[in-house]
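Each chain, letter by letter, is given below.
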Amino acid sequence: LPSSPSIPTHYHHLHNKLIINMFKYVFIPADTAKPIEIREGDKSGGLSDDILSKSAKEYFYASSDKGARAAALNNATPEERKVLADQIRDEVKQASTSSPYA
């Protein structure tokens, strides 16, 4: 962009850099009662710090029972932690015996 007397040239470069490092994507929640959203992400993290991957992991973690389990585990007494750990071990054992990939 050509510079104008009212807008300094370095602003144009900064503005263009900010636009280049951002992208828009459509967020479609698994819960059909929630609205579809257009979101913006920062691509400066590259593949090693991918915002889409991080957002998806956070969404599915929050939407699953794992978030509630983690909170329960953090707030549990030592005896309650043992019970929760045993429950998780049993679930993993059951899943591994019924999975064709185990």
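Residues numbered from 1 in each chain as written. Predicted model: local features only at pLDDT ≥ 70, side-chain atom pairs only at ≥ 80, totals over all residues. Heavy atoms only, no water.

K.L.:
Tell me about the confidence of the model for the protein, and name the residues and values.
P.N.:
Of the residues in the protein, 77% reach a pLDDT of 70 or more, and the chain-wide mean stands at 76. For the protein, helix α1 (residues 9-20) is the element with the lowest average pLDDT, namely 51, and strand β2 (residues 37-42) is the one with the highest, namely 89. (pLDDT = per-residue confidence, 0-100. Helix = DSSP H or I, 4+ residues; strand = E, 2+ residues; numbered from the N terminus.)

K.L.:
Describe the pattern of salt bridges, and please don't skip the residues or the numbers.
P.N.:
One pass over the structure, following the stated rule, counts three salt bridges. Here E37 makes a salt bridge to R39, at a shortest N to O gap of 3.0 Å. Its salt-bridge partner being D86, residue K82 comes within 3.1 Å of it at the nearest N-O pair. Here D86 and K82 lie together in helix α4 (residues 78-98), a separation of four residues that amounts to about one turn. By relative accessible area, which is 53% here, K82 ends up exposed. For D86, a relative accessible area of 30% gives the class partly exposed. Among the charged side chains, a salt-bridge network with shared partners connects K82, D86 and R89. (Salt bridge = Lys/Arg side-chain N within 4 Å of Asp/Glu carboxyl O. Buried < 20%, exposed > 50% of the residue type's maximum accessible area, 1.4 Å probe, protein only.)

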